[in-house]
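Residue-level listing of the chains:
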Amino acid sequence: MLKPAEVAEIVAAHDEYWDTRRDRLRECRALYLTRFWRKDQPYLDGVLRTEVPKAYAVVESYLGSLYAKDPSVLVQPDIRGRGNPEVAQATANQWLRYARSQVEDATRLALIYPCGFLKMAPRESVDPLKRVAVSSTPPWEIIVDDTVASWESQRYVGHTYLMPLTEAREKYGKRRDQYTTRPYVKWIEAARTGGGRGYGADDSNLGVAPDSNSPNAEFIRVVEIYDLRADKLLVWSPDYKGGEKYLFTGVKVQVGALDDEVAADKDSEQVEKEIVHETTGIPFKTASGKPVVPIIPFYFSRDPDSPLRGYSLIERSADQFRELNVMRTYQAQGVRRMARQWLVRSGFMSEDGAAKISQGLDGEFIEVDVQPGLPLEGNILPVPNTPIPADIGIYAGTVEQDINAAGLLAPFTRGEVTKSTATEQNLLASYTSNELGRMARTRDEAISLMASVYNIILSVVLGDEGEPLSLPNPVGPTILSADDLTGDFQYYAVDPATTPMSDLAKRAAITELAPLLLQLGADPKNILEEVVRTFQLPETFTAPPPPPEPAPAAPAVPGAAPAEAPVAPALPPTLPPEV
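How each quantity is defined
Residues numbered from 1 in each chain as written. Predicted model: local features only at pLDDT ≥ 70, side-chain atom pairs only at ≥ 80, totals over all residues. Heavy atoms only, no water. Phe/Tyr/Trp six-rings, centres within 6.5 Å; stacked < 30°, edge-to-face > 60°. Helix = DSSP H or I, 4+ residues; strand = E, 2+ residues; numbered from the N terminus. Buried < 20%, exposed > 50% of the residue type's maximum accessible area, 1.4 Å probe, protein only. Pairing = 2+ DSSP bridges. Axes fitted to C-alpha atoms, helices over the stretch in contact; angles between N-to-C directions. Salt bridge = Lys/Arg side-chain N within 4 Å of Asp/Glu carboxyl O.

## Description of the packing of aromatic side chains
Here's step 1: Counted by the stated rule, this structure contains 13 aromatic pairs.
Here's step 2: With 5.3 Å between their ring centres and 40° between their planes, Y32 and Y56 make a pair best called tilted. With a gap of 24 residues between them, Y32 in helix α2 (residues 22–32) and Y56 in helix α3 (residues 54–66) connect regions that are remote in the sequence.
Here's step 3: On the basis of relative accessibility, which here comes to 11%, the residue Y32 falls in the buried class.
Here's step 4: A residue is classified by how much of its surface remains accessible, and Y56, at 40% relative accessible area, is partly exposed.
Here's step 5: When the ring of Y113 is compared with that of W140, the centres are 5.0 Å apart and the planes differ by 75°; the resulting orientation is edge-to-face. Taken together, the residues Y113 in the loop between α5 (100–112) and β2 (116–122) and W140 in the loop between β3 (132–137) and β4 (142–143) connect sequence positions 27 residues apart. As far as the burial class goes, Y113 and W140 line up, both buried.

## Notes on the sheet that holds β2
In a beta sheet, neighbouring strands pair by backbone hydrogen bonds and run either parallel or antiparallel.
Here's step 1: The strand order across the open sheet formed by three strands is β3-β2-β11, and the pairing between neighbours is antiparallel. The sheet terminates laterally at β3 and β11 (295–298), the two strands that pair on one side only. Ignoring which end each strand starts from, the neighbouring axes of this sheet average 20° apart.
Here's step 2: Alignment of β2 against β3, held across six bridges, turns out to be antiparallel. Looking at β3, one finds that A121 is bridged to A133.

## Remarks on the pattern of salt bridges
Here's step 1: Across all of its chains, the model carries 23 salt bridges by this definition.
Here's step 2: Of the charged contacts, one joins R29 and E189 as a salt bridge, the two residues approaching to 3.6 Å between their closest N and O atoms. Of this pair, R29 sits in helix α2 while E189 sits in the loop between α6 (165–172) and β6 (219–227), and the two are 160 residues apart along the sequence.
Here's step 3: Taking relative accessible area as the criterion, E189 reaches 48% and is therefore assigned partly exposed.
Here's step 4: Of the charged contacts, one joins D177 and R175 as a salt bridge, the two residues approaching to 3.2 Å between their closest N and O atoms.
Here's step 5: The structure contains a network of salt bridges with shared partners spanning R24, E27, E315, D319 and R322.

Written as structure tokens, this is what we have:
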């Protein structure tokens, strides 16, 4: 098991790595937020600066293409027959709809910064499906083992964050004099600390002394370390006893149901009974006993030497974004100098006449001092303006092309009209041969891992007792238990295929194949269900038709003979079988 001194060395190396890259990350963030020309930096040249929101457009175009619908997964059964894959799929898809915003935030972080993460953790809730919380996490809060080449090969994974002192005392049960507090400050906005402490270790990093009465004055830094070799979850803090001992070992989770009245009363003794302290290693494990870390990575680009450090999309084109802002500022400055000015001979025009010209009123009479019959030429001339060189516009267009080439996106994904064929657009819409396709595969891997980890955490939270729950079809009302979610299921992210071109191609294929499938003997009912699903028709189309109503009997005529029953036609005689 890792010792506190070893954890301190790991955290110090992590802080040193990200502290040296803080300025670069700030620039990437400023480019996305259109704050490249920072307001807190005074410019004494009197130039009004202009920015182009190109970085924002690039990032959000990727997000719009990757998340057109809610994420969902398809769950395949365990090869040993454990668990219920239908229940596992229904619970995961219900939770993924709730977690969509956090998934998009983590993707946005992975595009602006070298990588992004999702942190999942158990929490108290009456609804069993909401007992797992998820939040997007920036890369400088996740400690990775950068000596290995893959996420699965790591020896340890950590998460560092700031926690209020009152919450830490309530959660870990330590005395006030055992902590050394620090003020709260965002890492990306703090000054470089040095010494490996980070996160506003002292007042000098903030520039001002924090108010002791402020709610942001007393925080401690908490580091959760998942020791994968020793199967231990360790909680360490440099602000607890100088980092010489662990702050906590294990995790506290709510096990079993929690009534509404009990959940409202946080001081109830029953709440304490429902919160269980898990200390037997990492509490989250697969059905085969493999430890699971509740941290989901998002790597859309990687450093070839250190794959777990990642590579930022914005940083890749930061020079081009900077050039666009500089060129647009130069063009704006040149346009503003193109004013209509005049050179006038001294004494030719009075002050009132000059004021009338400046006002530009229609139908105005202006008096000038010139002899009768003499022309005005030579007394007033326009100030010549040198036009902006055409090379400026050409260079700005070249920079735009560099940014588009770095993204490797198809032109139609940016809304550009091209002369490509329908077949080429159909291939690109399927995300098979462009940068967006590679990102979609990374997105699908993360969503599949999220669903798997969620069901594992939920199985731990549920405990041994089942809870009544209503899930979407085909599951419906059921008793949710940990046995239903315990299994080495195979999770596959469902490709929504929501681009207009892919929808049109799928509908055209269904329309062409339906007659052929009927000729080959396919079930018409299954074909009808697929047509209704593809064209998003009402489900009433698949309902069986109501039975025909019997025809009303003809009214009886007085004095008429009763109608005779129809006589069946005589069958031809059958021949005896040949002997």
